[in-house]
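Below, each chain spelled out in residue letters.
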Amino acid sequence: TSADIEYISVLLPLPLGRAYTYAVSVDLLAEYPLEIGDFVLVPLGTREVTGVIWDGQVDNLPLTKLKFVLAKLETPRMSETTRRFAEWVANYNMASLGSVLKMFISVPDALKPPKPITVYSLIMERPEIKMTEARVKVMKVLGVSGPLSADVLSKKAGVGASVIKGLVKLEALKVTNLPPPPTFKEPAWRALGPTLSLEQASVANKIREFVKKGQFSALVLEGVPGSGKTEVYLEAVCQALAQGKQALVLLPEIALGAQWLARFKERFGCAPAEWHSDLTQAKRRITWRAVATGEARVIVGARSALFLPYKSLGVIVIDEEHDQSFKQEDGVIYNARDMAVVRAKHGKIPIILSVWLPLIVLILISLIGLVRLNEK
């Protein structure tokens with residue numbers, strides 16, 4: 001009956017300008033309470049597609065014309081900041097909202113929770129069973145090392161998988177499903193960074209203050225190559241990490257090389273999460289979900305990294321903000337530099353635009369200054 005049904009609005013990652021209305025049974029709601037921003041599986045024609053519950057009015061349609069939500073996905077909810085940003089991007093760039101949503105759900109497989117790791121351990125009160133040489137080996141290994149996966153246990157004990165399965169069947173071993181271990185380490189933001197010059201330290205301290213306040217600010221960090229701009233803005237990243245926030249550094253695709261990553265690793269003791277076109281699909285799936293859960297603390301990537309589902313973004317840095325590769329010229333057309341400024345404003349966080357002036361420009365500026373001085 002209609003009394004047992006609720007109506008929700010679901011935005012689909014398709015070239016559609018608006019959300020669709022779906023029905024939800026009270027039985028599903030009782031088991032999985034749904035909120036705006038949740039990811040759900042819904043029918044669309046003969047297909048099943050993933051969408052996001054969107055805020056807004058639902059259509060007043062008869063129940064016979066509505067389809068039901070199939071399931072709620074175990075994925076972190078899309079925040080209101082992200083949803084408002086998506087709407088702004090669609091309106092400003094004259095793109096459909098569904099097409100913009102597709103940029104945020106660029107890895108559909110990441111919406112599925114990662115497969116747990118099955119481990120085997122000893123049971124304290126084991127039943128009386130016939131002990132063979134192979135079974136004894138398994139028991140000894142687990143007694144020393146603790147819970148192990150089937151592959152590792154087989155190799156260490158030198159037995160086949162059938163031996164382990166047999167012990168499980170006899171209730172001599174306990175089977176436990178564990179979440180997979182973290183993929184990304186937490187950067188060592190407490191570690192001392194490189195010694196900065198007086199000018200660098202002054203700028204770095206000012207930038208840190210902007211991050212600490214948690215307010216929108218657009219800051220321009222200007223200097224010639226080799227002037228230490230990277231070391232300065234990494235201090236802002238450090239401040240965001242100290243506050244339990246995430247940091248995004250956008251780089252031109254060509255700049256995402258070993259040199260920059262080595263500098264980051266030297267500063268923080270580990271590699272950042274990367275996001276660019278050379279990543280494998282498996283790596284993209286892992287990274288997308290790690291960003292959504294907050295496990296990935298620092299994300300370094302090309303322009304599309306702006307559309308990852310950040311859990312708690314604290315600062316955005318755009319290195320070489322003048323670079324033309326920040327412009328997307330197919331699909332949804334946008335300038336990542338401009339959109340990053342808007343993202344920072346929606347999230348009420350600072351954004352740092354790092355730009356370098358070629359030496360010839362500095363010489364020209366100096367010459368113009370000299371000419372003006374002589375004219376006086």
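Read on for a plain summary of the structure.

## Remarks on the overall build of the chain
Piece 1. Secondary structure assignment for the chain yields 12 helices and 16 strands.
Piece 2. Expected size for 376 residues packed as a compact globule is a radius of gyration near 21 Å; at 27 Å, the chain overshoots this value by more than 25%.
Piece 3. Here the chain holds 376 residues, and the buried ones make up 43% of them.
Piece 4. For the chain, long-range pairs separated by at least 24 residues make up 74% of all intrachain contacts whose partners lie at least 6 apart in sequence.
Piece 5. Counting every atom, the chain has about 20600 Å² of accessible surface; 55% of that belongs to carbon and sulfur.
Piece 6. Placing the 46 positive and 37 negative side-chain charges of the chain at their respective mean positions leaves the two points 4 Å apart.

## Section: the pattern of salt bridges
Piece 1. Taken as a whole and judged by the stated rule, the model has 17 salt bridges.
Piece 2. We note a salt bridge from Arg 297 to Glu 186, for which the minimum N-O separation is 2.9 Å. One end of the pair, Arg 297, is in the loop between helix H10 (281-293) and strand E12 (298-301); the other, Glu 186, is in the loop between strand E8 (173-178) and helix H7 (198-213), with 111 residues separating them in the sequence.
Piece 3. The partner of Glu 235 in a salt bridge is Arg 208, with the nearest N and O atoms 3.1 Å apart. With a gap of 27 residues between them, Glu 235 in helix H8 (residues 229-242) and Arg 208 in helix H7 connect regions that are remote in the sequence.
Piece 4. One salt-bridge network, in which partners are shared between bridges, spans Asp 55, Glu 80, Arg 83, Arg 84 and Glu 87.

## What to know about the side chain of Asn 93
Piece 1. The residue Asn 93 is located in the loop between helix H2 (80-92) and helix H3 (97-104) in this model.
Piece 2. Of the residues examined, Asn 93 reaches a relative accessible area of 17% and is grouped as buried.
Piece 3. A distance of 2.9 Å separates a polar atom in the side chain of Asn 93 from the backbone oxygen of Val 89.
Piece 4. With near-sequence residues (within four places) excluded, Asn 93 lies in contact with Ile 333, Tyr 334 and Met 339.

## Considering the packing of H2 against helix H11 (residues 336-347)
Piece 1. Close contact between H2 and H11 brings their axes to 9 Å; oriented N to C, the two are set at 145°. For the pair H2 and H11, the sense of crossing is right-handed. Residues Thr 81, Thr 82, Arg 84, Phe 85, Trp 88, Val 89 and Tyr 92 of H2 form the contact with H11, whose participating residues are Met 339, Val 342, Arg 343, His 346 and Gly 347.
Piece 2. Per-class residue counts for the contact of H2 with H11 are 6 nonpolar, 4 polar and 2 charged.

## Describing H3
Piece 1. Buried residues dominate H3, accounting for 6 of its 8 residues.
Piece 2. Every buried residue belonging to H3 is among Leu 97, Gly 98, Val 100, Leu 101, Met 103 and Phe 104, and all of these are buried.
Piece 3. Of the surrounding secondary structure, the elements contacted by the buried residues of H3 are strand E1 (5-11), strand E4 (47-53), H2, H10 and strand E15 (334-335).

## So, the sheet that holds strand E16 (residues 350-355)
Piece 1. Taken in spatial order, the 6 strands of this open sheet run E9-E16-E13-E10-E12-E11, and their pairing is parallel. On the outer flanks of this sheet lie strand E9 (217-222) and strand E11 (273-275), each paired with one strand and no other. On average, adjacent strands in this sheet sit at an angle of 20° to one another, irrespective of strand direction.
Piece 2. Here 3 bridges tie E11 to E12, and the two strands are oriented parallel to one another. Counted as the bridge partner of Trp 275 is Gly 301 from E12.
Piece 3. On the sheet, H11 packs against strand E10 (246-250), strand E13 (313-319) and E16 and is oriented at approximately 160° with respect to E13.

## Brief notes about empty space enclosed by the protein
With a probe scaled to a water molecule rolled over the atoms, the places where space remains empty come into view.
Piece 1. Under the counting rule described, the total for this entry stands at 1 cavity of 30 Å³ or more.
Piece 2. In this structure, the largest cavity spans a volume of roughly 40 Å³.
Piece 3. Phe 184, Lys 185, Pro 187, Cys 270, Ala 271, Pro 272, Ala 273, Ala 296, Arg 297 and Val 298 are the residues that line the largest cavity.
Piece 4. Residue classes in the lining of the largest cavity are distributed as 8 nonpolar, no polar and 2 charged.

Conventions and cut-offs
- Residues numbered from 1 in each chain as written.
- Predicted model: local features only at pLDDT ≥ 70, side-chain atom pairs only at ≥ 80, totals over all residues.
- Heavy atoms only, no water.
- Helix = DSSP H or I, 4+ residues; strand = E, 2+ residues; numbered from the N terminus.
- Rg over C-alpha atoms; globule rule 2.2 N^0.38 Å.
- Buried < 20%, exposed > 50% of the residue type's maximum accessible area, 1.4 Å probe, protein only.
- Contact = heavy atoms within 4.5 Å.
- Areas by Shrake-Rupley, 256 points an atom, 1.4 Å probe, with all protein chains shown as cover.
- Lys, Arg positive; Asp, Glu negative; His and termini not counted.
- Charge placed at Lys NZ, Arg CZ, Asp CG, Glu CD.
- Salt bridge = Lys/Arg side-chain N within 4 Å of Asp/Glu carboxyl O.
- Polar contact = N/O pair within 3.5 Å; in protein donor to acceptor, adjacent residues only side chain to side chain.
- Axes fitted to C-alpha atoms, helices over the stretch in contact; angles between N-to-C directions.
- Left-handed = near helix turned anticlockwise from the far one by under 90°.
- Nonpolar A, V, L, I, M, F, W, Y, C, P; charged D, E, K, R; others polar.
- Pairing = 2+ DSSP bridges.
- 1 Å grid on protein atoms, 1.4 Å probe; cavity = no way out; pocket = protein on both sides within 12 Å on 5 of 7 lines; lining within 4 Å.
- Points joined across faces, edges and corners; volume = space filled by probe spheres on them.

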